[in-house]
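Observations on the three-dimensional arrangement
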Number of protein chains: 2
Amino acid sequence: MEGMVDHLAFERNNSQFDVDEMKIVWAGSRHAFEVSDKMARLVASDPAFRKDDRVVLDRKALFKNTLRKAAYAWKRIIELRLSEEEAAMLRSFVDQPAFTDLHWGMFVPAIKGQGTEEQQKKWLPLAHKMQIIGCYAQTELGHGSNVQGLETTATFDPRTDEFVIHSPTLTSSKWWPGGLGKVSTHAVVYARLITDGQDHGVHGFIVQLRSLDDHLPLPGITVGDIGMKFGNGAYNSMDNGMLRFDHVRIPRNQMLMRVSQVTREGKYVQSSVPRQLVYGTMVYVRQTIVSDASVALSRAVCIATRYSAVRRQFGSKEGGLETQVIDYKTQQARLFPLLASAYAFRFVGEWLKWLYMDVMKRLQASDFSTLPEAHACTAGLKSLTTSATADGIEECRKLCGGHGYLCSSGLPELFAVYIPTCTYEGDNTVLLLQVARHLIKTISQLGSRNKPVGTTSYIGRVEQLMQYRSDVQKVEDWLKPNAVLGAFEARAAKKVVACAQNLSKFTNPEEDEHLNNHSWLGFQELSVDLVEAAVAHCQLIVVSKFIEKLQQDIPGKGVKQQLELLCSIYALFLLHKHLGDFLATGCITPKQGSLANELLRSLYSQVRPNAIALVDAFNYTDHYLGSVLGRYDGDVYPKLYEEAWKDPLNDSVVPDGFQEYIRPMLKQQLRNARL
Amino acid sequence: MEGMVDHLAFERNNSQFDVDEMKIVWAGSRHAFEVSDKMARLVASDPAFRKDDRVVLDRKALFKNTLRKAAYAWKRIIELRLSEEEAAMLRSFVDQPAFTDLHWGMFVPAIKGQGTEEQQKKWLPLAHKMQIIGCYAQTELGHGSNVQGLETTATFDPRTDEFVIHSPTLTSSKWWPGGLGKVSTHAVVYARLITDGQDHGVHGFIVQLRSLDDHLPLPGITVGDIGMKFGNGAYNSMDNGMLRFDHVRIPRNQMLMRVSQVTREGKYVQSSVPRQLVYGTMVYVRQTIVSDASVALSRAVCIATRYSAVRRQFGSKEGGLETQVIDYKTQQARLFPLLASAYAFRFVGEWLKWLYMDVMKRLQASDFSTLPEAHACTAGLKSLTTSATADGIEECRKLCGGHGYLCSSGLPELFAVYIPTCTYEGDNTVLLLQVARHLIKTISQLGSRNKPVGTTSYIGRVEQLMQYRSDVQKVEDWLKPNAVLGAFEARAAKKVVACAQNLSKFTNPEEDEHLNNHSWLGFQELSVDLVEAAVAHCQLIVVSKFIEKLQQDIPGKGVKQQLELLCSIYALFLLHKHLGDFLATGCITPKQGSLANELLRSLYSQVRPNAIALVDAFNYTDHYLGSVLGRYDGDVYPKLYEEAWKDPLNDSVVPDGFQEYIRPMLKQQLRNARL
């Protein structure tokens, strides 16, 4: 790649597999690799996309810088006639949160998913050319997770054939939507539909917010930015906004009417389009989030792994070099499970793409049978992978020692940008409770016509799994996929069954088919156990999809072997972390647990010589990584030193403020100083 | 406290204990409470200490703002003739990292601890009046944890009776010291002492860095700031610095010579003062870190608890109010263990103060017998409490949902300021390995004259503990202190013994008294297990000191009962989290584990009505908390809304950059735009 020196050449020469082939596996296909590689280089080589100055810009300068980059990116997309796939890739490599994320990622899909054909014909061309810029205005100051609790109203006025959009309270102010604060000209606004005094629940409406001439907010609209967020740079490039409506009128045809309509007379009617289509969109969005999790985690892991090979501490013999930090077992035991997780999330994300296609195909054939399972599955995986990624990025920062705390390490900003993912598109705890609810329902329906499908099919074997005792006898037995799968399935099944049994104590046995009021109480009371059961289930999915991936033919010298190592590390690391689960449910014995741990140690040693090559396979440019510690060439210290001098504080040797504040202190003249 | 409304009055009225008495318990004594309360109000009521604008200041403005506050604080300290205790308290309530932290916290103590009486007489008065400002220059660009690996040299020149301080390489650049970059006039510099070609290892030297007239760096000195760090505001108010020496000469008497000296002739000699005194300072510094951990964690917990009582989501019945988030079991199970941890760390910190006094008394009487144990104990507790606090602050942010991500929640800055604590004064993993080393040594010396003392005394009962089986039979049995202590002692002992046994496989049995080369290898190989054993040991210390605290007489209606609840929650939460340990070592059965969990659930319900009062007992002003979500009066939403409008982006309705970047996009005129 770039540069002349390569301090990590030794590491690269020592690796035992074909990195180029692994790059294809990571990207998903040769085509995906080529598009991604081309776009990454395009962005990295263009000084207009420079981002190393981002953390010292103040809010206004950062925001203006974002507007410039977004406009420039759009210009390049048009000039180069990039495909939709390429354009999306390019935007992601620009790597700066911007209003365009919401325009393309939420506004356009909302119209596509919820608009009638007529509405799509009107609005999509405008949006596709960016003649209008849209955002997605759902959450309110007082209402996040509970969409049904939104307060904004859209009241139909039959006299004028309009809806009146209104914010009745302070807490009903729209709050958080990205791109809303300063840029968007339009929004899809979620509001309670009211016709003839009747509340029909929350629906989406296309609302123009600002004049297309002078960009001023339209009458009745108060809009602004909600202020600084976590971290330097990071999400402060985004104008997350607040929005209040004072009886704003929009034409009736700006309600998104694919699923339900309001007629000219104000009658509320359902179309023949099934409501469930909405879930298709949810599955889609969450699938991309899982995929993004693997990207974010792998970036952090790439930085931490490279720097762990560069950095040396302790263990020098008589003036020789100190030991590379990556050779310490304590470092390996924290770093390599994250490396394995990055690959695991990559593959489960890939599988989710397939799942989404499958669901859509079925929906179009009016087959809703797999939808609840698919919905629970994506909700759970969104929760699991984003939580693990957020924690993993911070762990990678810690693994870089003190220097990870410098912005030039890239890790603070990566963390600050990533963490909202744990909250948006479904709070991670709320999502796990949804998964748990689905699992309990699946158990309760055993024996009925509704057989468990997809990722829940193992629950069909619950009686057998309740008897499960691992037959592992020696260390190597844990390398067998079935040994791992068996233990994970049994643990998940036993935890779900235990919850179901405890729940039944709260349930009126006469109506235990569906969740009733008693079981609602029980659900509350046992929610912590239910969350744990859901986690066990989701971990099983990730492990089993990794194992399935390895049953495919994977070309390239040594590639499959490395992935097998990582798969075992991922599974056994989880087994160690949740040992209490596996022991308490009797799935494994303490002895078997300690054999697993012994194997884990030896797997770390096997991965060690390949660690650098395994992160090279992500194919990240230095621009995209944005980290002095993670540089491809490992030339860390001279560059840290150079980078430091660029700080504004180093513009002058004597700092601004010395004369007013420091000098009087040193000269004992503070008494007279004006401070 | 402040304000007119109190949305949390209902919560406060429902609490079941005397909050004012709890405030005394938290503060440590009535005197400590009064000093702290007075200083907190002094700072909170003075607009010069305002800090809500901090996150929007750019680096230079933030730094200047810090210089002003530091000078103003010092002026007030002089004007009000504050005691040393009061001054330290005032500085901590100003709550903005500054060069003064290092001057008072490291520079002055280093001279006190390592300087001769003569040196103290010369330098301390200058430092006490701030006629000089000092920092502590130890870590280097390439050298953090391994102090013995430092590269800076101090070569004695007998011709001129001077030391020549030099940075031989780029990696020997001093890097990180707070206050170094822009402010300090002096530093205690750590460098390898070389006399007559012989390297005597690392020693401290007082070096002047800048002119006391014009503040310019002295000849041979290159000094600057190392650049932006994690977070908005946060540690960017501090001029963490880099420093290079090009053969800088200092008089011989500026080597800190309390423990060892260089004579006029260049001879290296040891004084009669025992080296071990240095460890006394370490014990002191780490004790303050533990105490600070309880402060940082309790601030985050206070914010999250109050907002969890204000915030409502889901569960509304027919248009009624939604459920307070704090009533959800999933919220309680994450929040209340942190509340309990804050109290636990407070009490173990208090106990460490006693330990420090005890160690110093013994040192003065040349009794070194308890030093290794005290050293291991403080190292371990520093590691345990700071890691838990860093994670805990981020957990509290997540518990606040999306709004926790806003800077106005106070949590992002609290996190960003706190996390370096996990790295400085001993990396947390390195410290745990030191603890493990001490534990292994303690085990290996059983039966010899060196009996285990203090927090390791339970290891003297190791044979008995190896047989330990918990006798818990019903839920309430887990309320008994001995049931908890027994399980924690047995778990720690069994984990340490297992490590020792595994280590012995690496050890040459003929020389197993001390760690030898073989066992060094074993130590590396088993380091992950050793870290886990050290964690088990440290958790035992915290639990047992909490239990000891409760054996004291604690006045005030209901105060002791609340603390007993919190103590049980802390212990049982750990037991659940590390269930694998307790089960694998056979200390408890799965059934007993599930009884503990059942108890935990009921304890959460018991704490619930007292949660707000328990965080009120920290007695934090709204100024100190710096959080809209954590406001005492709970008036969150109107204030979030107000706060948002203050963002610089809201200075204009149409954002800067609209004409250049957005308008051409909307008007399809990008092709001709200059971007």
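Cut-offs and rules
- Residues numbered from 1 in each chain as written.
- Chains lettered and ligands numbered in written order.
- Predicted model: local features only at pLDDT ≥ 70, side-chain atom pairs only at ≥ 80, totals over all residues.
- Heavy atoms only, no water.
- Pairing = 2+ DSSP bridges.
- Helix = DSSP H or I, 4+ residues; strand = E, 2+ residues; numbered from the N terminus.
- Contact = heavy atoms within 4.5 Å.
- Axes fitted to C-alpha atoms, helices over the stretch in contact; angles between N-to-C directions.
- Buried area = accessible area lost by both parts, 1.4 Å probe.
- Salt bridge = Lys/Arg side-chain N within 4 Å of Asp/Glu carboxyl O.
- Polar contact = N/O pair within 3.5 Å; in protein donor to acceptor, adjacent residues only side chain to side chain.
- Least-squares fit on C-alpha atoms with pLDDT ≥ 70 in both.
- Buried < 20%, exposed > 50% of the residue type's maximum accessible area, 1.4 Å probe, protein only.

**Thoughts on the sheet that holds strand β8 (residues 241-245) of chain A**
One key point about sheets: their strands pair by backbone hydrogen bonds, in either a parallel or an antiparallel sense. Strand order in the open sheet formed by 3 strands is β4-β8-β7 (chain A), with antiparallel pairing between adjacent strands. Every other strand in the sheet has two partners, leaving β4 (174-175) and β7 (221-225) of chain A as the edge strands with one partner each. Two strands pair when backbone bridges link them, and β4 of chain A and β8 of chain A are joined in this way by 2 bridges, in the antiparallel orientation. Bridge pairing in β8 of chain A places W175 of chain A opposite M242 of chain A. Helix-sheet contacts for helix α22 (residues 636-645) of chain B involve β4, β7 and β8 of chain A, and the interaxial angle to β7 of chain A is about 70°.

**Focus on the interface of chain B and chain A**
Listed by partner, the interface residues are 133 residues for chain B and 133 residues for chain A. The contact between chain B and chain A buries some 12100 Å² in all, and 65% of this surface belongs to carbon and sulfur atoms. Counting the surface chain B buries against chain A, the share from its top three residues, F230, Y405 and L649 of chain B, is 7%. Linking chain B to chain A there are 16 salt bridges. As a salt-bridge pair, E660 of chain B and K64 of chain A come within 3.3 Å of each other at their nearest N and O atoms. If you look at where chain B meets chain A, you find 48 residue pairs in polar contact (both at pLDDT 80 or more). Sorting elements by how many residues they give to the side of chain B that touches chain A places helix α4 (residues 59-79) of chain B first, with 12 residues.

**Points about the environment of S271 of chain A**
Residues and elements named next belong to chain A. Residue placement: S271 occurs in the loop between β11 (268-270) and α8 (277-310). For S271 and L600, which are 329 residues apart along the polypeptide, the C-alpha to C-alpha distance reads 56 Å. With sequence-adjacent residues up to four places away left out, S271 is seen in contact with R258, V259, S260 and Q261. In terms of polar contacts, S271 uses its side chain to reach the backbone amide nitrogen of V273, at 3.0 Å.

**Details of the sheet that holds strand β4 (residues 174-175) of chain B**
With antiparallel pairing, 3 strands are arranged side by side in an open sheet as β4-β8-β7 (chain B). Both outer strands of the open sheet, β4 and β7 (221-225) of chain B, are each paired with one neighbouring strand and no more. Seen against the sheet, helix α22 (residues 636-645) of chain A touches β4, β7 and β8 (241-245) of chain B and runs at an angle of roughly 70° to β7 of chain B.

**Here we look at the relation of the copies chain B and chain A**
One copy of the chain maps onto the second through a rotation around an axis plus a translation along that axis. With an RMSD of 0.0 Å, the operation that places chain B on chain A is a rotation of 180° combined with a shift of 0.0 Å along the axis. Each copy turns onto its partner about a two-fold axis. A symmetric contact is evident, with 100% of the interface residues of chain B recurring at the interface of chain A.

**Points about the environment of V417 of chain A**
Examined against the element boundaries, V417 of chain A turns out to sit in helix α11 (residues 411-418). Spatially, the C-alpha atom of V417 of chain A lies 10.0 Å from that of D95 of chain A, the residues being 322 residues apart in sequence. Once residues lying within four places of it in the same chain are set aside, the contact partners of V417 of chain A are P97, A234 and Y235 of chain A together with Y405 of chain B.

**Notes on the pattern of salt bridges**
Under the definition given, this model contains 88 salt bridges over all chains. Close ionic contact of R54 of chain A with E413 of chain A constitutes a salt bridge, the shortest N to O distance being 2.9 Å. With R54 of chain A in the loop between α3 (30-44) and α4 (59-79) and E413 of chain A in helix α11, this pair connects stretches of sequence that are 359 residues apart. With relative accessibility at 6%, the residue R54 of chain A sits in the buried group. Of the charged contacts, one joins R362 of chain B and D367 of chain B as a salt bridge, the two residues approaching to 3.0 Å between their closest N and O atoms. A residue is classified by how much of its surface remains accessible, and R362 of chain B, at 28% relative accessible area, is partly exposed. Judged by relative accessible area, D367 of chain B falls into the partly exposed class, the value being 24%.

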